[in-house]
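Spelled out from the first residue to the last, the chains are:
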Amino acid sequence: MKLSLCIPQYNRIEFLLKGLAIIEQQSFPDIEVVISDDCSTDSTEADITALIPKYKYPLIYHRNATNQGYDRNYRKCIELSTGEYVIILGNDDTINPEYDLQNLVDFLDSNNYPELGFANFIEEANDNFFVERAQVTGMLGSDYQTAMRYYSCFSFVGGLIYRKDSFDRFNSDKHDGSIYAQMYMGCLMVASGSRLFSVHEPMVIKDIVVSKSIRNTYADTLAKNWKQYRVETGGLISVMHVLIDAFRDAGKLSQGLIYFIFKRIYTVTYPFWIISYKEKGSFAAAWGLVSGLKPHKNHNLRLLNTWNRFKIRTYYLIFSIVALMTPVFVFNAVKNRLYKSVKRRS
């Protein structure tokens with residue numbers, strides 16, 4: 001079985017080169033690496049072109065004629081692949097050298113080649129913190145309830161795994177520009193009957209470190225003081241929009257499901273991000289999120305009936321106050337238990 005490691009690339013060549021070097025530590029023989037370069041303005045083209053003849057694995061490099069944006073470039077790198085399965089990596093991610101890709105192949109063989117999956121990862125820039133989005137190595141389901149339960153696992157692209165022929169069947173430009181095309185396609189696939197699986201082992205290293213002087217974390221983009229304050233949504237309005245569209249296109253959308261999407265965002269994801277911003281020393285960004293996520297600013301709120309709109313506005317008020325007032329150390333002490341509890345109850 002051939003595995004395609006697909007990397008949508010834009011600048012930050014130093015991270016990509018280190019990630020590629022780590023991939024060479026793999027012993028699995030049948031790998032190709034596919035890089036779709038979205039018109040990088042650094043030395044990406046020259047450096048990758050020079051690397052191709054001496055790289056351990058076949059390296060496919062494509063440079064877009066014009067900048068296409070993240071979603072289109074994400075889909076493009078998968079379209080260029082020729083493997084039976086595709087593993088996605090961000091250009092600052094890599095395959096964990098302690099994970100043998102033969103284990104993934106054995107799992108796929110023994111489970112009749114499922115269509116879509118995700119793996120756990122460690123964050124090198126965060127003291128190798130283990131992010132446990134997958135609770136087990138196993139099959140998870142193939143219906144809209146499964147899609148709704150695990151939609152957040154599609155938000156980080158590193159370690160997403162597609163069976164190539166299934167990706168080709170669902171590939172769509174419908175949400176290009178949202179930065180969540182992978183969430184739309186993932187939920188659409190599973191809600192339409194594709195089998196979802198997860199890999200508990202940390203297959204991916206996220207946020208690889210090049211040097212202490214070169215940082216690459218989302219915290220660096222947050223407003224650190226009130227002079228930098230701006231209203232923001234954290235992408236959560238886009239998340240709600242692509243989820244609603246995915247379930248509508250799968251023929252599964254209902255008033256109850258729309259309400260569940262809103263409730264899940266406002267009672268789980270939204271307060272988590274507020275506290276996360278506070279943890280990064282950015283109360284200004286946390287307040288910007290509170291301002292940006294006012295329910296009336298989301299045009300999909302009109303899809304809810306009057307009673308459900310009232311409940312969502314109430315949740316927004318309650319969880320805004322709770323998240324703003326909760327000390328970070330209290331949240332950190334219980335967040336892993338909270339996360340697992342949410343997964344069980346979803």
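All figures in this text were calculated on a predicted structure; none of them were measured in a lab.

Focus: the overall build of the chain
Looking only at helices and strands, one finds 12 helices and 10 strands in the chain. In terms of overall size, the chain behaves like a compact globule, its C-alpha atoms giving a radius of gyration of 20 Å where 346 residues would be expected to give roughly 20 Å. Expressed as lengths along the three principal axes of its C-alpha atoms, the size of the chain is roughly 60 × 45 × 40 Å. Expressed as a percentage of the 346 residues in the chain, the buried residues total 52%. Taking the intrachain contacts of the chain between residues at least 6 apart in sequence as the baseline, contacts between residues at least 24 apart amount to 83%. When the accessible surface of the chain is totalled, it reaches about 15,100 Å², and 55% of it is carbon and sulfur. Counting 40 positive and 35 negative side-chain charges, the chain places the averaged centre of each group 12 Å from the other.

Comments concerning the pairing of strand S1 (residues 3-9)
Two faces, one strand: in a regular strand the side chains alternate between the faces of the sheet. With 7 of 7 residues buried, S1 is to be regarded as a mostly interior element. Residues Leu3, Leu5, Ile7 and Gln9 of S1 are buried on one face, and the alternating residues Ser4, Cys6 and Pro8, pointing to the opposite face, are buried as well. Pairing of S1 with strand S2 (residues 31-37) involves 7 bridges; the strand directions are parallel. Each residue of the ladder has a partner; that of Ile7, found in S2, is Ile35. The handedness of the S1 to S2 crossover, carried by helix H1 (residues 13-23), is right-handed.

Points about a nonpolar patch on the surface
Residues Trp226, Phe283 and Trp287 make up a contiguous nonpolar surface patch of about 350 Å² in total accessible area. By the secondary structure assignment, Trp287 is in helix H10 (residues 283-292). Take Trp287: its relative accessible area is 37%, and that puts it in the partly exposed class.

Looking at unusual backbone geometry
Most peptide bonds take the trans configuration, and most residues that are not glycine carry a negative phi. Despite not being glycine, Asn128 shows a phi value in the positive range, around 55 degrees. Positioned with a positive phi, Ile179 is a non-glycine residue whose angle comes to about 65 degrees. For Ile179, a relative accessible area of 47% corresponds to the partly exposed category.

With respect to H10
Burial of H10 is extensive: 8 of the 10 residues sit out of reach of the surface. The set of residues buried in H10 consists of Ala284, Ala285, Ala286, Gly288, Leu289, Val290, Ser291 and Gly292. In this structure, the buried side of H10 is in contact with helix H8 (236-249), helix H9 (255-279) and helix H11 (306-325).

A look at the environment of Met325
If you trace the backbone, Met325 turns up in helix H11. Note on Met325: relative accessible area 65%, which makes it exposed. C-alpha separation for the pair Met325 and Ile88, spaced 237 residues apart in sequence, amounts to 37 Å.

Remarks on the packing of helix H7 (residues 181-191) against H8
Contact geometry for H7 and H8: axes closest at 8 Å, N-to-C directions at 30 degrees. Viewed along their axes, H7 and H8 adopt a mutual orientation that is roughly parallel. The two elements H7 and H8 cross, and the hand of that crossing is right-handed. The residues of H8 that touch H7, namely those facing Met183, Tyr184, Cys187, Leu188 and Ala191, are Val239, Val242, Leu243, Asp245, Ala246, Phe247 and Asp249. When grouped by side-chain class, the residues that make up the contact of H7 with H8 number 10 nonpolar, no polar and 2 charged.

Basis of the calculations
- Every chain begins its residue count from 1, and numbering advances along the sequence as written.
- Note on the predicted model: pLDDT of at least 70 is required for a residue's local features to be given, and 80 or more for side-chain atom pairs to be given and counted; whole-chain, interface and lining totals, by contrast, use all residues.
- Calculation of side-chain values draws on the structure's entire complement of heavy atoms; hydrogens and water are dropped beforehand.
- Strands are runs of DSSP state E lasting at least 2 residues, helices are runs of H or I lasting at least 4, and numbering of each runs from the N terminus.
- Atoms counted for the radius of gyration: C-alpha only. Globule rule: 2.2 Å times the number of residues to the power 0.38.
- Partly exposed describes any residue whose relative accessible area lies between the buried limit of under 20% and the exposed limit of over 50%, with all areas from a 1.4 Å probe on protein chains only and scaled to the type maximum.
- We call two residues in contact when some of their heavy atoms are within 4.5 Å.
- Here, Shrake-Rupley sampling with a 1.4 Å probe gives the accessible areas, and only protein chains in the shown set may cover a residue.
- When charges are counted, Lys and Arg contribute as positive and Asp and Glu as negative, whereas His and the chain ends are disregarded.
- Where a charge lies is defined by one atom per residue type, namely NZ (Lys), CZ (Arg), CG (Asp) and CD (Glu).
- Two strands pair under a simple rule: DSSP has to find at least two bridges between them.
- By definition, the crossover connecting two strands over a helix is right-handed if that path, from the first strand to the second, turns clockwise as seen with the strands pointing away from the viewer.
- Patch construction takes residues with relative accessible area above 30% that form no salt bridge. Like charges are linked within 9 Å, and nonpolar side chains (Val, Leu, Ile, Met, Phe, Trp, Tyr) are linked within 5 Å.
- For this document, the term salt bridge refers to a Lys or Arg side-chain nitrogen within 4 Å of an Asp or Glu carboxyl oxygen.
- Axis geometry follows a simple rule: fit a line to the C-alpha atoms, using only the stretch in contact for helices, then measure angles between N-to-C directions, giving values from 0 to 180 degrees.
- In this scheme, roughly parallel covers angles under 35 degrees and roughly antiparallel covers those over 145, while 65 to 115 is roughly perpendicular and the rest are oblique.
- It is the rotation of the near helix from the far one that decides the hand of a crossing: anticlockwise by less than a right angle makes it left-handed, clockwise makes it right-handed.
- Three categories are distinguished: nonpolar for Ala, Val, Leu, Ile, Met, Phe, Trp, Tyr, Cys and Pro, charged for Asp, Glu, Lys and Arg, and polar for the others, with Gly belonging to the last.

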